[in-house]
Amino acid sequence: MADIKTREFSAASAVSILDPQIRRALERVGTGFDAARREAIADVTPEVWEEWREHARQIKIHTLDHLDYYLDLLDHNVTKAGGQVHFAVDSAEANAIVSELVRSRNVKIVTKSKSMVSEELELNPVLEALGVDVYETDLGEYIIQLAGETPFHLVAPALHKSKEQVARLFTEKLGIPLLEDIDAMAAAARTALREKFMQADLGISGANFLVAETGTLVIITNEGNGRLCTSAPRMHIGITGMEKVIPSLQDLAVFLRLLPRSATGQAITSYVSMVSGPRRQEDEDGPEEFHLIIVDNGRSRMLADPELREALYCIRCGACLNICPVYQKVGGHAYGWVYPGPIGAIVTPMMVGLKEAKDLPQASSLCGACREVCPVKINIPRMLLHLRHNLQESPKREEKAGGFTGSALAWGYTWLMARPRILAVTHKLARNLQAPLMRIPLSPIRKGGRGLRRARLPLLARWTRSRDLPALPPRTFREIWQRELTLRDSIISNGSDQDA
Ligand code: SF4
């Protein structure tokens, strides 16, 4: 299993928020990606966009309802085209299949096209342990491989790096002079990778979609690296999750419209590569062997849970990250594993376990923006609430989200809200008690706020660390409502007197 740091979400997000480079990078997800997405939708008109979204959702619902049938059909058609399909229950099994292929074919150099599932499996260290040289060839993935980091964003893995940081990294790792120009850096990466493409024995790719009726693996990229990885080496292994299967090429057309527009605002990506089996006799190029590894790794659990199965509709466009107020502040590394943002907060606990990732479902304001932008209309907030419920109700102490204090507070709140008279007395009491505290001057760091600072209230230290505790209003809703009713009654009774 990959290096999981999901338990460190609170500490990691506190560090990210204070990092000026990450803050600058995150500004771009709203002004860049999300603005481009909106423009792309305006171009096709919101009405047409809604039709596409609904169509895509129906395709996903249908496919997952008949997943066994479509996986069988895919297996049949890949085999018919000369490829071989392997099913892997978990990361250990998937890595063992790749290792066996690598050993038996005496593979020495591997080029990789972007694959989130291979990140999920932590495949690179497994290959390196076998003495294989592994080269990520997507530019963003190449940068983070050189830096020894994990992806920061679903579609832009090196989004958090400034061009100066990348220039220094290239100088240090590639031994080239310090470059200032982004095009020159891209050219340097191209030069470094070109000979690897030619030397590689094995190309590994992910898949954006798997078309069951034709046994086709579809990759969508903006760089030509995917095509080189899948056609130049003598063997190609595609590794992907079982939810990527769709029934037909006609269905693919719907997703080809939705995915690039949602991800980067492009009408279509630069390269749409479709691989159906290994090279045929009449083909000029292509691999001699094609293997497709379909990975479960917790997906069956999601499929079996009616409340969470729609997380499998995800096409990894990243739109929910770009709009999320939490992701926009903390960035991808704070989530501690491969899948960041709102969809990561659902997928990660299902894959690594609730205990390991219990902070992630709490990392949401439940504003609903992710659901609004999702091209397959995934109801992310509902699933986050479901996971919170599971955490709260879990019989395992280590899975409880708020621990003893959280449970005690929730119990106390429920008890109080069910007793209106005691609630009214408590309100009055709290209002009177807060009066002396409200006279304490606010910290000079944040003038203009109204409330109580952490230093004065140690019990609420975490809450007030970055915000004021708002003062209770002079009147509660119940009191205002009661006054309105009394006023209305008196107007009615005065009016009746005049009529009389
Ligand atoms: S949940 Fe929806 S918006 Fe988020 S990455 Fe997946 S498809 Fe895109």
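Residues numbered from 1 in each chain as written. Predicted model: local features only at pLDDT ≥ 70, side-chain atom pairs only at ≥ 80, totals over all residues. Heavy atoms only, no water.

1. As for a nonpolar patch on the surface
Consideration 1: Together, Trp-411, Trp-415 and Ile-422 make up a nonpolar patch on the protein surface, roughly 340 Å² of accessible area in all.
Consideration 2: Tracing the backbone through its elements, the reader meets Ile-422 in helix H20 (residues 420-438).
Consideration 3: Judged by relative accessible area, which is 37%, Ile-422 ranks as partly exposed. (Patch = residues over 30% accessible without salt bridge, like charges linked within 9 Å, V, L, I, M, F, W, Y side chains within 5 Å. Areas by Shrake-Rupley, 256 points an atom, 1.4 Å probe, with all protein chains shown as cover. Salt bridge = Lys/Arg side-chain N within 4 Å of Asp/Glu carboxyl O. Helix = DSSP H or I, 4+ residues; strand = E, 2+ residues; numbered from the N terminus. Buried < 20%, exposed > 50% of the residue type's maximum accessible area, 1.4 Å probe, protein only.)

2. Re the packing of aromatic side chains
Consideration 1: Under the criterion given, the structure shown has nine aromatic pairs.
Consideration 2: Each ring, one from Trp-337 and one from Tyr-339, has its centre 5.9 Å from the other, and the planes form 75°; the classification is edge-to-face. Of the two residues, Trp-337 and Tyr-339, both sit in the buried class.
Consideration 3: Ring pairs connect the aromatic residues Phe-9, Phe-152, Tyr-327 and Tyr-335, which therefore count as one cluster. (Phe/Tyr/Trp six-rings, centres within 6.5 Å; stacked < 30°, edge-to-face > 60°.)

3. Points about the pattern of salt bridges
Consideration 1: In this structure the tally under the stated criterion is 19 salt bridges.
Consideration 2: Note that Glu-289 and Arg-105 form a salt bridge whose closest N and O atoms lie 2.7 Å from each other. Here Glu-289 is found in strand E10 (residues 289-295), whereas its partner Arg-105 is found in the loop between helix H5 (91-104) and strand E2 (109-112), with 184 residues between them in sequence.
Consideration 3: Arg-105 gets classed as partly exposed once you look at its relative accessible area, which sits at 28%.
Consideration 4: Note that Glu-243 and Arg-299 form a salt bridge whose closest N and O atoms lie 2.8 Å from each other. Of the two residues, Glu-243 sits in the loop between strand E7 (235-241) and strand E8 (245-246) while Arg-299 sits in helix H13 (residues 299-304), which places them 56 residues apart along the sequence.
Consideration 5: On the basis of relative accessible area, Arg-299 is assigned to the buried category, the value being 0%.
Consideration 6: Members of the salt-bridge network, linked through shared partners, are Arg-57, Glu-307, Glu-310 and Arg-382.

4. Describing the sheet that holds E10
Consideration 1: Strand order in this open sheet of six strands is E1-E10-E7-E4-E2-E3, and the pairing throughout is parallel. In the strand order of this sheet, the two ends are held by strand E1 (84-88) and strand E3 (133-136), each with one partner. Sheet twist, expressed as the average angle between the axes of neighbouring strands with direction ignored, equals 20°.
Consideration 2: Note: E7 against E10, seven bridges, orientation parallel. Directly across from Ile-237, in E10, lies its bridge partner His-291. (Pairing = 2+ DSSP bridges. Axes fitted to C-alpha atoms, helices over the stretch in contact; angles between N-to-C directions.)

5. Digging into the site of the ligand
Consideration 1: Every one of the 14 residues lining the ligand counts as a neighbour, but Cys-314, Cys-317, Gly-318, Cys-320 and Cys-374 are closest to it.
Consideration 2: Of the residues contributing to the shell around the ligand, the split by class is 12 nonpolar, one polar and one charged. (Near = heavy atom within 4 Å. Nonpolar A, V, L, I, M, F, W, Y, C, P; charged D, E, K, R; others polar.)

6. Quick look at the sheet that holds strand E9 (residues 271-275)
Each strand in a sheet pairs with another by means of backbone hydrogen bonds, the pair being arranged parallel or else antiparallel.
Consideration 1: The strand order across the open sheet formed by four strands is E8-E5-E6-E9, and the pairing between neighbours is mixed. Both outer strands of the open sheet, E8 and E9, are each paired with one neighbouring strand and no more.
Consideration 2: Here strand E6 (residues 216-221) runs beside E9; their pairing, made up of five bridges, is antiparallel. Counted as the bridge partner of Thr-221 is Tyr-271 from E9.

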